[in-house]
Amino acid sequence: MSIAPSAARQDAERPSTRPSARPRRRKTAGWGATPWLFLLIPLAFLVTFTYVPVANMFWYSVTDWDGLALEKGFVGADNFVSIFTRPEYFRVFAVSLYYLVGAGAQLILALYFATLLSFNTRFKNFFKGVIFFPYLLNGVAIGLMFLYFFRPGGTLDSTLAIFGLQDPPLWLGDPSIVNISLAATSVWRYMGLNFVLFLGAIQSVPSEQYEAADLDGASSWQKFRFIILPSIRRILGLTMILAVSGALSAFEMPYIMTGGANGSTTFVIQTVDTAFRFANVGLASAMAIVLLVIVLLITAVQRKFFPDEKATVE
Amino acid sequence: MTTTERATVSPPQRTTPASHTPRRRRADLGFLGTVLKYASLVAACVAALMPIVTIFMLAFKTNEEYRTTGPLDAPSSWLNFDNFVTAFTQGGMVTGFLNTGFILVVSITGTIFTGTMTAYAIDRFRFRGRPLVTGLFLLATLVPAVTTQVATFQIINGMGLFNTPWAAIVLFTGTDIVAIFIFLQFMASIPISLDEAAMLDGANRFTVYWRIILPLLKPAVATVVIIKGIAVYNEFYIPFLYMPSRDLGVISTSLFRFMGPFGSRWEVIAAGAILVMIPTLVAFLFLQRFIYNGLTSGATK
């Protein structure tokens with residue numbers, strides 16, 4: 001594909017060095033309204049469907065609105081107080097830990113397989129395709145597939161029986177296991193994306209570097225440590241933040257597979273249920289804001305540790 | 001296998017001819033490493049394919065077979081398409097594919113226009129407020145979409161779009177920031193001298209956008225079509241929330257509704273899931289390279 005990402009990106013990183021930037025500024029001085037004509041519709045969409053909802057959320061979060069009533073009663077910080085003090089709301093944060101561990105495993109697996117396939121490998125494209133393919137599948141199809149996989153007497157139980165393991169637990173029925181099963185399903189679904197991103201970054205390293213390392217007698221581990229790891233530092237940082245915020249906002253797999261039953265309710269399931277099932281838009285908005293703030297904080301921390309990430313779009 | 005292994009370990013052998021023991025140890029290690037490598041790759045493939053293969057087999061079983069055979073047993077006939085027929089006709093899959101197709105075409109077209117226009121304005125103009133606009137688009141990527149539905153719902157409802165396909169269409173069109181970044185990246189590689197030459201010939205900004213930029217952006221458009229297409233095809237929650245009517249089922253929500261009426265007929269559910277996955281498989285086989293590149297350029301926004 002001719003998108004030539006590296007060249008284009010480098011260009012975008014340093015727009016000031018583009019020779020024509022200066023004359024262009026002068027030339028477009030008389031065209032004050034034109035860019036806004038191009039931006040009119042996109043900005044209208046952006047404001048209507050992103051910023052107005054976020055602003056409204058802040059407003060709703062200090063009310064007891066049910067989503068229908070014409071009047072919204074002001075309750076101050078009550079909604080936020082209940083999120084952090086009532087255990088049934090707070091407990092769902094513990095569920096996120098399963099997904100965080102899952103996200104860690106997912107990154108390690110993705111890095112491992114990306115590194116393996118960056119060396120000479122037979123059937124490379126086949127392996128790459130198979131490992132990546134689950135990421136493309138429809139979430140509902142994956143959910144149904146894994147309901148069958150985990151059900152009593154299903155695929156997993158039958159496979160374990162071949163290895164002589166009888167009396168398997170209820171993978172989705174036992175509250176102490178259900179989150180592990182669901183987090184594993186998420187790993188199955190999303191690992192392929194991280195893997196392909198890592199592989200792309202590793203393969204953008206010029207092959208001379210590996211050849212030089214070979215001549216110097218570097219081991220595979222040394223090549224990984226000193227060539228591969230530095231080359232994917234940026235994408236690794238980006239993926240980590242996506243994985244962490246993805247783990248905190250885990251929603252689709254548990255919602256489709258269990259609907260939040262047996263202690264598998266995540267923070268986002270709790271939020272949408274509060275809003276749309278229990279008609280407490282005020283409280284749900286407060287929960288959404290808590291999540292938003294956490295995600296923003298994590299992003300800020302990541303920017304601090306992986307700076308220059310954002311130079312891409314100037 | 002042996003050739004690759006030898007290729008990777010031979011250079012170190014050549015550079016350390018004096019010591020014999022380390023060389024042999026390293027060669028042993030290399031062989032063991034190769035075995036481990038392929039073993040783990042095969043294990044990954046088994047893990048990736050096992051859930052798919054078992055429901056594929058299940059889709060060809062009769063209800064009788066489903067109850068009497070294990071998940072790992074092959075069906076007695078690979079030509080039993082009854083479940084697919086049931087899923088397709090009784091499961092609302094036809095409506096699902098039609099609705100998904102309509103939403104897909106309209107929202108992708110919309111995304112291309114809004115995305116290219118935004119990228120054109122941001123990349124080719126210097127105007128007051130430009131940093132602000134860029135910042136607004138950047139900041140929007142950080143907002144987790146599912147949670148803002150709490151408030152977005154009120155807006156869609158207020159616009160009278162609830163329970164119409166337009167609810168999904170405006171949301172898919174309006175919030176695609178990744179597409180904008182892909183266009184921005186690509187546009188930066190189109191020389192500005194082209195714009196300037198056209199303008200010297202008397203073209204205005206709209207002509208430049210329509211006649212020069214848009215045609216040259218074709219590869220980026222292809223990328224956006226692919227990754228947006230996959231995202232819209234797989235989206236579950238937005239149609240689920242905004243289009244509860246049965247006639248408005250898209251493939252995700254139609255398949256989700258299988259769990260009710262077909263609750264005890266797993267062979268039909270399996271057939272439905274396979275039907276949904278077939279277009280994805282076909283698209284993947286034909287567009288692999290574009291998909292990989294598209295995701296790589298989209299994720300590094």
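Because the structure is a prediction, the values reported are computed rather than measured.

Draft legend 1. View of the overall build of chain B. For chain B, the helix and strand inventory stands at 15 helices and 0 strands. When each of the 301 residues of chain B is scored for burial, the buried share is 53%. For chain B, the accessible surface area stands at approximately 13,100 Å², while carbon and sulfur atoms represent 68% of it.

Draft legend 2. Summary view of the packing of helix α16 (residues 281-305) of chain A against helix α7 (residues 145-158) of chain B. Relative to each other, α16(A) and α7(B) sit at 135 degrees, their axes nearing to 7 Å. Between α16(A) and α7(B), the crossing angle belongs to the class labelled oblique. Relative to α7(B), α16(A) is oriented so that their crossing is left-handed. Contact residues: α16(A) offers Val281(A), Ala284(A), Ser285(A), Ala288(A) and Leu291(A), while α7(B) offers Thr147(B), Val150(B) and Gln154(B). Residue classes in the contact of α16(A) with α7(B) are distributed as 5 nonpolar, 3 polar and no charged.

Draft legend 3. Here's a closer look at the confidence of the model for chain B. Residue and element names in this part refer to chain B. Mean pLDDT over chain B stands at 85; residues scoring 70 or higher make up 89%. Low pLDDT (under 50) marks residues 1-20, which in the prediction has 21 contacts with non-local residues, meaning those over four places away or in another chain. Here the prediction assigns the complex a pTM of 0.84, and the interface score ipTM is 0.85.

Draft legend 4. Inspection of the environment of Asp157(A) at higher detail. Residue and element names in this part refer to chain A. Its location among the elements puts Asp 157 in helix α9 (residues 155-162). Using a relative accessible area of 10% as the deciding quantity, one classes Asp 157 as buried. Along the backbone, Asp 157 and Leu 170 are 13 residues apart, and their C-alpha atoms lie at a distance of 9.6 Å. Separated by 3.0 Å, the side chain of Asp 157 and the backbone nitrogen of Gly 153 make a polar contact.

Draft legend 5. Structural detail: the environment of Asp82(B). Residue and element names in this part refer to chain B. Here Asp 82 shows up in helix α4 (residues 82-90). With relative accessibility at 54%, the residue Asp 82 sits in the exposed group. Taking the C-alpha atoms as reference points, Asp 82 and Ala 271, separated by 189 residues in sequence, lie 9.1 Å from one another.

Draft legend 6. A look at the packing of helix α9 (residues 177-187) of chain B against helix α12 (residues 218-234) of chain B. Residues and elements named next belong to chain B. Where α9 meets α12, the closest approach of the two axes is 9 Å, and the angle between their N-to-C directions is 160 degrees. Here α12 runs roughly antiparallel to α9, going by the angle between their axes. Crossing angle aside, the handedness with which α9 passes α12 is right-handed. Touching Val 178, Ala 179, Ile 182, Phe 183 and Phe 186 of α9 are Pro 219, Ala 220, Val 221, Thr 223, Val 224 and Ile 227, all from α12. Partitioning the contact of α9 with α12 into residue classes produces 10 nonpolar, 1 polar and no charged.

Draft legend 7. How the structure looks around the pattern of salt bridges. Within this structure, the stated rule accounts for 7 salt bridges over all chains. Across the pair Lys223(A) and Asp214(A) runs a salt bridge whose closest N-O atoms are separated by 2.9 Å. The burial state of Lys223(A) is the same as that of Asp214(A); both residues are buried. Among the ionic pairs, Asp123(B) bridges to Arg124(B), the shortest N-O distance being 2.7 Å. Taken as a pair, Asp123(B) and Arg124(B) share a single burial class, namely buried.

Draft legend 8. Region of the structure containing the packing of aromatic side chains. With the rule as written, the count across this model stands at 47 aromatic pairs over all chains. Between the aromatic rings of Phe153(B) and Phe162(B), the centroid separation amounts to 5.3 Å while the plane-to-plane angle is 70 degrees, which identifies the pairing as edge-to-face. Aromatic pair Phe240(B) and Phe256(B): ring centres 5.3 Å apart, planes at 85 degrees, arrangement edge-to-face. Here Phe256(B) lies in helix α14 (residues 251-256) and Phe240(B) lies in helix α13 (residues 237-242), a separation of 16 residues in the sequence. Pairwise contacts between aromatic rings join Phe132(A), Phe133(A), Tyr135(A), Tyr190(A), Phe284(B) and Tyr292(B) into one cluster. Lying over the aromatic face of Tyr292(B), Lys128(A) brings its terminal NZ or CZ to 3.8 Å of the ring centre. Taking the ring centre of Phe226(A) as reference, the NZ or CZ of Arg225(A) above it sits at 5.0 Å.

Draft legend 9. How the structure looks around the interface of chain A and chain B. With 105 residues of chain A at the contact, the number on the chain B side is 116 residues. Buried area between chain A and chain B, summed over both chains or domains, comes out near 10,300 Å², and the portion from carbon and sulfur atoms is 76%. Joining chain A to chain B, the criterion identifies 14 residue pairs in polar contact (both at pLDDT 80 or more). Counting residues per element, the side of chain A that touches chain B draws most heavily on helix α3 (residues 34-60) of chain A, at 21 residues.

Draft legend 10. Region of the structure containing unusual backbone geometry. Positioned with a positive phi, Phe123(A) is a non-glycine residue whose angle comes to about 55 degrees. For Phe123(A), the location among the structural elements is in the loop between α6 (92-118) and α7 (124-132). Although it is not a glycine, Asn163(B) adopts a positive phi angle of roughly 65 degrees. Here Asn163(B) is to be found in the loop between α7 and α8 (165-174).

Draft legend 11. Inspection of the nonpolar core at higher detail. One finds Phe195(A), Leu217(B) and Tyr242(B) to be the most contacted residues of the largest nonpolar core, which totals 174 residues. With near-sequence residues (within four places) excluded, Phe195(A) lies in contact with Ala110(A), Phe113(A), Ala114(A), Leu117(A), Lys128(A) and Ile131(A).

What counts and how
- Residues numbered from 1 in each chain as written.
- Chains lettered and ligands numbered in written order.
- Predicted model: local features only at pLDDT ≥ 70, side-chain atom pairs only at ≥ 80, totals over all residues.
- Heavy atoms only, no water.
- Helix = DSSP H or I, 4+ residues; strand = E, 2+ residues; numbered from the N terminus.
- Buried < 20%, exposed > 50% of the residue type's maximum accessible area, 1.4 Å probe, protein only.
- Areas by Shrake-Rupley, 256 points an atom, 1.4 Å probe, with all protein chains shown as cover.
- Axes fitted to C-alpha atoms, helices over the stretch in contact; angles between N-to-C directions.
- Parallel < 35°, antiparallel > 145°, perpendicular 65-115°, else oblique.
- Left-handed = near helix turned anticlockwise from the far one by under 90°.
- Contact = heavy atoms within 4.5 Å.
- Nonpolar A, V, L, I, M, F, W, Y, C, P; charged D, E, K, R; others polar.
- pLDDT = per-residue confidence, 0-100.
- Polar contact = N/O pair within 3.5 Å; in protein donor to acceptor, adjacent residues only side chain to side chain.
- Salt bridge = Lys/Arg side-chain N within 4 Å of Asp/Glu carboxyl O.
- Phe/Tyr/Trp six-rings, centres within 6.5 Å; stacked < 30°, edge-to-face > 60°.
- Lys NZ or Arg CZ within 6 Å of the ring centre and 35° of its normal.
- Buried area = accessible area lost by both parts, 1.4 Å probe.
- Core = buried A, V, L, I, M, F, W, Y, C linked by side-chain atoms within 4.5 Å.

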